[in-house]
Amino acid sequence: MSQAVPLVVPDEELILVLDFGGQTAQLIARRVREQHVFCQLVRHNLSAARIRELNPKGLILSGSPASVYGEGSPQPDPEIFQLGIPILGICYGMQVSCADQGSEVKPGHSREFGRTACHVQEPSVLFDGVPSDITVWMSHGDQVQNLSEHFISLAATETCPFAAVRHDSKPLFGLQFHPEVTHTEFGGKLLANFVKHICGCRGTWQIGSFIEREVAAIRERVGQNRVICGLSGGVDSSVVAALLYRAIGTQLSCIFVDNGMLRKGESDAVRERFSRHFKTDLHVVDARDRFLSELKGVTEPQRKRKIIGRVFIEVFRSEAVSIKDAKFLAQGTLYPDVIESGGAPDGPAVAIKHHHNVGGLPEELGFELIEPLRDLFKDEVRQMGLQLGLPDELIWRHPFPGPGLGVRCLGEIREDRLSTLREADAIVIDELKKAGLYRAIQQAFAVLLPVQSVGVMGDDRTYQDVIAVRAVTTDDFMTADWFHMPYDVMERISTRITNGVRGVNRVVYDVSSKPPSTIEWE
């Protein structure tokens, strides 16, 4: 199978984020995209020669859990500071930039974590339109000391005298705090000032023009051949199908694999939505028994993901080869999937988790891969779906993982346990919709835990399953806060589950944020 490549040449306005391993590196890219400027994450040590070839308007150096002076600490190619491209260093990125230019980085006398008062001391284009006193989000133990004579201090906090700096002759800026997190006041303004006023970007990245370019590119690449699309019923694959349908119409065939780990009524809903919005070829494969047989006795999360991915490929391939004249395979891979799987050619190489739809399709499948969403974040995909005419109830549907309930059924995956989880999950969603909270929450679901607890029902002592309820709010799914669920809604959810779902006697609510937790439990 040929190497997956983007179908569209990125917009001429490009900002690169050099990822040094910070938890919010993806968030930086997302915030830049909000300025209608295309932005991608790349390796922290991407060569200056490659950067020159990519021709970005500016570079942003991310944070990192490492210390600049630590053994084996991540370092950029020092030649990037000679390219003449505007650079903004954030936290570790500022420290490594200042160190390269002759400053010292040492442990601070006082570590700063969380919201901190910051005073802007010196006028600068970076702080244009920003008040002199703002609250910023700090997360560092080291800080720049003995600032090089070539730098000018722009802002300070009580314990950090160099909270923001600029070079006196190079387009090099540094922020010790994190403008990309929502806790920093005017963080978006600071990034906008860098991207537009310092880098000179006009903000030409638009979803509408992306659709037009992508449709044209798909038509040219596909020609008269047939394209197969893996349809899951979620937002991502539905948007891919809609985009392909606009581009090639009835040359599109979709395959929907029922793996037995779908939500309640999912299979019927996919059929209904598909027939209503697309007039093309749909293949539905019932592979429930096959998946559950392969997963019998397996409890380790990554192994479960890999088995689900492998079996999906085998089932999908078996159906795909029966479709005549099919040359291309399309799937709804998103940019965070590519990054987390280490699948971007110039991107960070560390895999956070295994995504079965990224790089998991073997060469013997025999198709060329089309991934029209692989450069987009989730909210950008939703915007595209709306512009393609998909219904609101589909566009704003909460995300559902590729392995389905398999990663929400902790421990062994069995049909009886899936049935329990499916019923509990349906109650959670139903109650949120009744309370008018579904759109206020970006993702909510039930998790079946691999433990049982003691309880009392009537005069009998029980020892039954525990359901955890998870609900989060987020702008980008890179970070997330747990949703402060009203007590009356929590009570209704708990009562309905314990009364109506056989074998469950306890419901708990997850109050952890991302980070340090992830949104899903596995």
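Residues numbered from 1 in each chain as written. Predicted model: local features only at pLDDT ≥ 70, side-chain atom pairs only at ≥ 80, totals over all residues. Heavy atoms only, no water.

1. Some details on the overall build of the chain
A tally of regular secondary structure across the chain gives 14 helices and 18 strands. Over its C-alpha atoms the chain spans a radius of gyration of 25 Å, differing by no more than 12% from the 24 Å that the globule rule assigns to 522 residues. Considering only C-alpha atoms, the chain reaches an extent of 70 × 65 × 40 Å along its principal axes. For the chain, the residues scored as buried account for 57% of the 522 residues in total. Contacts spanning at least 24 positions in sequence make up 75% of the contacts within the chain whose residues lie at least 6 apart. Roughly 21900 Å² of accessible area belongs to the chain as shown, and the carbon and sulfur atoms make up 48% of that amount. Where the 56 positive side-chain charges of the chain centre and where its 67 negative ones centre are 5 Å apart. (Helix = DSSP H or I, 4+ residues; strand = E, 2+ residues; numbered from the N terminus. Rg over C-alpha atoms; globule rule 2.2 N^0.38 Å. Buried < 20%, exposed > 50% of the residue type's maximum accessible area, 1.4 Å probe, protein only. Contact = heavy atoms within 4.5 Å. Areas by Shrake-Rupley, 256 points an atom, 1.4 Å probe, with all protein chains shown as cover. Lys, Arg positive; Asp, Glu negative; His and termini not counted. Charge placed at Lys NZ, Arg CZ, Asp CG, Glu CD.)

2. Digging into the packing of helix H5 (residues 207–222) against helix H6 (residues 235–248)
To describe two helices that pack against each other, one gives the angle between their axes and the distance between the axes. At a minimum axis distance of 9 Å, the contact between H5 and H6 shows a crossing angle of 60 degrees. Viewed along their axes, H5 and H6 form a crossing whose handedness is right-handed. Where H5 abuts H6, its residues Ile211, Glu214, Val215, Ile218, Arg219 and Val222 lie against Leu243, Leu244, Arg246, Ala247 and Ile248. When the residues that make up the contact of H5 with H6 are grouped by side-chain class, the tally is eight nonpolar, no polar and three charged. (Axes fitted to C-alpha atoms, helices over the stretch in contact; angles between N-to-C directions. Left-handed = near helix turned anticlockwise from the far one by under 90°. Nonpolar A, V, L, I, M, F, W, Y, C, P; charged D, E, K, R; others polar.)

3. Looking at the sheet that holds strand S13 (residues 326–330)
Taken together, the five strands give an open sheet; going across it, the order is S12-S11-S10-S13-S14, and neighbouring strands pair in parallel fashion. A single partner strand is all that each edge strand has here, and the edge strands are strand S12 (281–286) and strand S14 (368–370). Pairs of neighbouring strands in the sheet enclose a mean axial angle of 30 degrees, with direction left out of account. When S13 meets S14, the two strands line up parallel, connected through three bridges. Paired with Phe328 across the strands is Glu368, a residue of S14. (Pairing = 2+ DSSP bridges.)

4. A few points about the environment of Glu180
Mapped onto the elements of the fold, Glu180 is located in the loop between strand S9 (172–175) and helix H4 (187–198). With 150 residues separating them in the primary sequence, Glu180 and Arg30 have C-alpha atoms 8.6 Å apart. Each residue touching Glu180, except ones within four places of it in the same chain, is listed here: Thr24, Leu27, Ile28, Arg31, Ile90 and Leu191. A polar contact is formed between the side chain of Glu180 and the side chain of His178, at a distance of 2.7 Å. (Polar contact = N/O pair within 3.5 Å; in protein donor to acceptor, adjacent residues only side chain to side chain.)

5. Details of unusual backbone geometry
That bond from Lys514 to Pro515 is cis: its omega, -15 degrees, falls within 30 degrees of zero. Tracing the backbone through its elements, the reader meets Pro515 in the segment after strand S18 (504–509). Pro516 follows Pro515 through a cis peptide bond whose omega is 10 degrees. For Asn146, which is not glycine, the phi dihedral falls at a positive 50 degrees. Tracing the sequence through the fold places Asn146 in the loop between strand S6 (133–145) and strand S7 (151–156).

6. Thoughts on helix H13 (residues 415–434)
When the terminal C-alpha atoms of H13 are compared, their 28 Å separation across 20 residues agrees well with the 28 Å that a helix rising 1.5 Å per residue should span. Residues Arg417, Leu418, Thr420, Leu421, Arg422, Ala424, Asp425, Ile427, Val428, Ile429, Glu431 and Leu432 constitute the buried set of H13. Packed against the buried residues of H13 are helix H8 (288–295), strand S15 (443–457), strand S16 (460–473), helix H14 (487–500) and S18. Immediately downstream of H13, the backbone of Gly436 shows phi near 70 degrees, a positive value. (Expected span 1.5 Å × (residues − 1).)

7. Let's talk about the pattern of salt bridges
The tally for this structure, following the rule as stated, stands at 30 salt bridges. With a closest N to O distance of 2.9 Å, Glu294 and Arg310 form a salt bridge. Of this pair, Glu294 sits in helix H8 while Arg310 sits in helix H9 (residues 301–320); the two residues are 16 residues apart in sequence, bridging distant segments of the chain. On the basis of relative accessible area, Arg310 is assigned to the partly exposed category, the value being 34%. Residues Glu520 and Arg408 are paired through a salt bridge, measuring 2.7 Å at the closest nitrogen-oxygen approach. Separated by 112 residues along the polypeptide, Glu520 in the segment after S18 and Arg408 in the loop between helix H12 (392–395) and H13 bring together distant segments of the chain. In terms of burial, Glu520 and Arg408 fall into one category: buried. (Salt bridge = Lys/Arg side-chain N within 4 Å of Asp/Glu carboxyl O.)

8. Structural notes on the nonpolar core
Grouped together as the largest cluster of nonpolar side chains are 65 residues, with contacts concentrated most on Leu59, Leu61, Ile80 and Met384. Among the elements that make up this core, the one with the highest residue count is H6 (nine residues). (Core = buried A, V, L, I, M, F, W, Y, C linked by side-chain atoms within 4.5 Å.)

9. Observations concerning the packing of H5 against helix H11 (residues 378–387)
H11 packs onto H5 with a crossing angle of 70 degrees between their chain directions and a minimal axis gap of 10 Å. Considered as vectors, H5 and H11 are oriented roughly perpendicular to each other. Contacts between H5 and H11 involve Ile207, Gly208, Phe210 and Ile211 on the former and, on the latter, Glu380, Gln383, Met384 and Gln387. Each residue belonging to the contact of H5 with H11 can be placed in one class, and the counts come to four nonpolar, three polar and one charged. (Parallel < 35°, antiparallel > 145°, perpendicular 65-115°, else oblique.)

10. Quick look at the environment of Asp459
Checked against the element boundaries, Asp459 lands in the loop between S15 and S16. Residues Asp459 and Asn259, spaced 200 residues apart in sequence, show a C-alpha to C-alpha distance of 40 Å.

11. Some details on the side chain of Arg33
Within the secondary structure layout, Arg33 lies in helix H1 (residues 25–33). Other than its neighbours up to four places away in sequence, Arg33 contacts Phe38, Cys39, Trp205, Tyr335, Asp375, Leu376, Phe377 and Glu380.

12. Quick look at the pairing of S9
Across the two faces of S9 the burial is the same, with Leu172 and Gly174 and Phe173 and Leu175 all buried. Examined bridge by bridge, strand S4 (residues 87–90) and S9 share four bridges and lie parallel to one another. Residue Ile90 lies in a different strand from S9, and its bridge partner there is Leu175. Sheet analysis places strand S8 (residues 164–167) next to S9, joined by three bridges and oriented antiparallel.

13. Considering the packing of aromatic side chains
By the definition in use, this model includes five aromatic pairs. Seen from their ring centres, Phe20 and Tyr92 are 5.5 Å apart, and the 50 degrees between their planes marks the pair as tilted. Taken together, the residues Phe20 in the loop between strand S1 (14–19) and H1 and Tyr92 in helix H3 (residues 92–100) connect sequence positions 72 residues apart. Accessibility classification places Phe20 together with Tyr92 in one group, the buried group. Above the ring of Phe400, the side-chain terminus of Arg263 is found at 3.9 Å from the ring centroid. A cation over an aromatic ring shows up here: Arg408 above the ring of Phe445, its NZ or CZ 3.9 Å from the ring centre. (Phe/Tyr/Trp six-rings, centres within 6.5 Å; stacked < 30°, edge-to-face > 60°. Lys NZ or Arg CZ within 6 Å of the ring centre and 35° of its normal.)

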